[in-house]
Amino acid sequence: MSVDLIRQIEEKQKKEVSNFKVGDTVKVHFKIIEGKTERIQVYEGLVLCFKNAGLGRTFTVRKNSYGVGVERVFPLYSPRVEKVEVVRPGKVRRAKLYYIRDKVGKSAKIKTLVTKKH
């Protein structure tokens, strides 16, 4: 009985999230609160993985900043995540792209998904 109640509450709190998957290059618009001011910071990088399920679901985004790999974990249903826009869809055959951490240069690239035009 209590499990159903938890699911009902979670369904009410879920918000619509743009459709993106592992391997996509995305821009995450994240709200940052500094004192009394609010601003939106854009974090662009490659989606490495999704973890967990339900409201606690998170995704990891990796980017190269001045030659150093930086990863950041974002909660998927957080009110601080304004929007996630797909810059480049990727074509991968894995659920977790942890092997990208060891790659450098051209080998670290992900194939882009090509849509056929008729």
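- Per an unreviewed UniProt entry, the protein chain carries the name Large ribosomal subunit protein bL19 and comes from Treponema phagedenis.
- For the record of the protein chain, the UniProt heading Function (unreviewed entry) holds the text "This protein is located at the 30S-50S ribosomal subunit interface and may play a role in the structure and function of the aminoacyl-tRNA binding site."
- Turning to the protein chain, the UniProt record has this under Sequence similarities (unreviewed entry): "Belongs to the bacterial ribosomal protein bL19 family."

### Overview of the overall build of the protein chain
At step 1: What the protein chain contains, in helices and strands, is one helix and five strands.
At step 2: Ordered by position from N to C terminus, the α and β elements of the protein chain give α-β-β-β-β-β.
At step 3: Its C-alpha atoms give the protein chain principal-axis dimensions of about 50 × 40 × 35 Å.
At step 4: Partitioning the intrachain contacts of the protein chain with sequence separation of at least 6 by distance along the chain shows that 52% fall at a separation of at least 24.

### Considering the packing of aromatic side chains
At step 1: Tallied over the full model, the rule gives six aromatic pairs.
At step 2: Aromatic ring contacts, followed pair by pair, group Phe20, Phe30, Tyr43, Phe50, Phe59 and Phe74 into a single cluster.
At step 3: Its guanidinium or amino end placed over the ring of phenylalanine 30, arginine 72 lies 4.7 Å from that ring's centre, counting from NZ or CZ.

### Description of the nonpolar core
At step 1: Judged by nonpolar contacts, the single largest core of 20 residues is most densely connected at Phe20, Val28 and Phe59.
At step 2: Taken together, the elements giving at least two residues each to this core come down to strand 1 (25-34), strand 2 (37-51), strand 3 (58-65) and strand 5 (81-88).
At step 3: Look past the residues within four positions of valine 28 in its chain and what remains in contact with it is Gln41, Val42, Tyr43, Phe59, Val61, Phe74, Val81, Lys83 and Val84.

### So, the pairing of strand 2
At step 1: Of the strand pairs in this sheet, strand 1 and strand 2 are connected by 10 bridges, and their pairing is antiparallel. Considered in strand 2, the bridge of lysine 27 is made with glutamate 44.
At step 2: Two successive antiparallel strands, strand 1 and strand 2, enclose a turn made up of two residues, where glycine 35 displays a positive phi of approximately 70°.
At step 3: With five bridges joining them, strand 2 and strand 3 adopt antiparallel strand pairing. Bridging across to strand 3, lysine 51 finds its partner in threonine 58.
At step 4: In sequence, strand 2 turns back onto strand 3 through a hairpin of six residues, with asparagine 52 there showing a positive phi of about 65°.

Conventions and cut-offs
Residues numbered from 1 in each chain as written. Predicted model: local features only at pLDDT ≥ 70, side-chain atom pairs only at ≥ 80, totals over all residues. Heavy atoms only, no water. UniProt positions renumbered as here; feature names shortened; annotations may be inferred. Helix = DSSP H or I, 4+ residues; strand = E, 2+ residues; numbered from the N terminus. Contact = heavy atoms within 4.5 Å. Phe/Tyr/Trp six-rings, centres within 6.5 Å; stacked < 30°, edge-to-face > 60°. Lys NZ or Arg CZ within 6 Å of the ring centre and 35° of its normal. Core = buried A, V, L, I, M, F, W, Y, C linked by side-chain atoms within 4.5 Å. Buried < 20%, exposed > 50% of the residue type's maximum accessible area, 1.4 Å probe, protein only. Pairing = 2+ DSSP bridges.

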